Amino acid sequence: MSQTENKTAAMDLDAVRQKLASATGPRFWRSLEEVADTPEFQDTLKHEFPAGVDVFTESVGRRKFLSLMGASLALAGVTGCTRQPRELIMPYAAEPPEMIPGVPRHFATAMPFSGVGEPVLVESHENRPTKIEGNPEHPMSQGASGVFAQASILNMYDPDRLPTPKQRGRDSDWLAFRTEMRRQMAIARSKRGAGVRILTPTVGSPTLAAKLQQFTTELPEAKWVQWEPVNRDNLRAGAIAAFGRDLSVRYDLSKAKVVLALDSDFLSTNGPGSVAMIKAFARGRKVENGNASGMNRLYVVEANATATGSNADHRLRLKASQVAGFAASLAAALGVGSAADELPEKAKAWIEPLAADLRANQGAAVVIVGDQQPAWVHAAAHAINAQLGLRWSGCRN
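What comes next concerns the included structure. Worth saying up front: this structure is predicted, and the values here are computed from it rather than measured.

1. Some thoughts on the side chain of Glu 228
Tracing the chain through its elements places Glu 228 in the loop between β7 (223-226) and α10 (233-243). No salt bridge is formed by the buried Glu 228; the nearest opposite charge belongs to Arg 236, separated by 7.6 Å. Within the structure, the side chain of Glu 228 is placed 2.9 Å from the backbone nitrogen of Thr 202, a separation counted as a polar contact. The contacts of Glu 228, once residues within four sequence positions are left out, are Ser 114, Gly 115, Pro 201 and Thr 202.

Spelled out as structure tokens, the structure:
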């Protein structure tokens, strides 16, 4: 029997009942031990809360209570003594007629992401953006937005965002930047741009791309490098292998009856046309008039739990390195390749039923591959989709 059980057994319940009967006014307790207030309970309390035991065991008189409250109020007022930096606040000389304090304004714009603009609608209060949503009048968003668009509002108020240009680690200003840039460009022109490097993220703006092309034409030795922390190089290489050119692949799931995701969390990742694709998939999951026969089916093969996998009708867990073998075996079952040599038995059991379901939905079945899979897996998916009668309307990058 434990020590707690011994104390409970030794408790005089009659004395506890008598104590409760004679008590006046409301009182709250956590256990019978606290009601009994036995020496054993006080000893346990001292061992569990040694620093604050006096608060529990000693009664607080009026004088002590007022002293504690007075000290708390005094300390709270200390924060009011902080001197704020001086700011110049000027009223409008002529208040803009379109601006009413407290009434938000909305601006239609686009948020660049991986070289593609995501159409958004920005809510602004007194010229301060406060909320970002999808543009309901744009076919690529239809009023919805991805997680990165929702979170991008925080970039406006990021305390670590650089307020001024930096020069050799020290704060500078734009006038100094322009002066130094003119000096460096004069030196670069004398060398035809040798040693000049321009580093940018993926550029989707035709205007900016034209300016950069003009820059590299005038300085032929200069280099323009585009880099993304999370790139889509495998997807592009797979498109080149399948179609012979660099295409941006976007899936229209509005008429899809069977969807297979191979290591692709397409329901929670951002990419070209991802918001419209998610909305189209969600519409296909609706039960109409109590009839679920018109719902699409989702097969997911993945290594880790994802939002897409949690919505799957059929989910197979495989190592990420085994997804390529699964894709090869599925392509062979559909007549567009050769099967993989090694594949787990649970994965082999999936191939024939899945291939039969895909064949039964010619023209309404699609295979989507995650960006992180090798390029030839993307090429295999394109071959499978072509075999299933998927129509392509590619968009060149």
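2. Quick notes on the sheet that holds strand β1 (residues 105-113)
Taken in spatial order, the three strands of this open sheet run β1-β2-β3, and their pairing is antiparallel. Of all the strands in the sheet, just β1 and β3 (128-134) have a single pairing partner and so form its edges. For this sheet, the mean angle separating the axes of adjacent strands, direction not counted, is 40 degrees. Relative to strand β2 (residues 116-125), β1 is paired through nine bridges, and the arrangement is antiparallel. For Met 111, the partnering residue across the bridge sits in β2 and is Glu 118.

3. Regarding the environment of Thr 200
Its location among the elements puts Thr 200 in strand β6 (residues 197-200). A relative accessible area of 14% places Thr 200 in the buried class. Other than its neighbours up to four places away in sequence, Thr 200 contacts Leu 212, Trp 224, Val 225, Gln 226 and Trp 227. There is a polar contact of 3.0 Å between the side chain of Thr 200 and the side chain of Trp 224.

4. Remarks on the sheet that holds strand β10 (residues 297-302)
Backbone hydrogen bonds are what pair the strands of a sheet, in a parallel or an antiparallel way. Pairing is parallel in the open sheet, where four strands are placed in the order β11-β10-β9-β12. A single partner strand is all that each edge strand has here, and the edge strands are β11 (314-317) and β12 (365-369). Averaged over neighbouring strand pairs, the angle between their axes works out to 10 degrees when direction is ignored. Relative to β10, strand β9 (residues 258-262) runs parallel, the two sharing five bridges. Bridge assignment links Val 259 to a residue of β10, and that residue is Leu 298.

5. Looking at the pairing of β6
Side chains Ile 198 and Thr 200 of β6 all project onto a buried face; the interleaved residues Arg 197 and Leu 199 project onto a face where none is buried. Summarising the sheet, β6 and β7 pair through four bridges and their orientation is parallel. Of the residues in β7, the one forming a bridge with Leu 199 is Val 225.

About the criteria used
- Residues numbered from 1 in each chain as written.
- Predicted model: local features only at pLDDT ≥ 70, side-chain atom pairs only at ≥ 80, totals over all residues.
- Heavy atoms only, no water.
- Helix = DSSP H or I, 4+ residues; strand = E, 2+ residues; numbered from the N terminus.
- Buried < 20%, exposed > 50% of the residue type's maximum accessible area, 1.4 Å probe, protein only.
- Lys, Arg positive; Asp, Glu negative; His and termini not counted.
- Salt bridge = Lys/Arg side-chain N within 4 Å of Asp/Glu carboxyl O.
- Polar contact = N/O pair within 3.5 Å; in protein donor to acceptor, adjacent residues only side chain to side chain.
- Contact = heavy atoms within 4.5 Å.
- Pairing = 2+ DSSP bridges.
- Axes fitted to C-alpha atoms, helices over the stretch in contact; angles between N-to-C directions.

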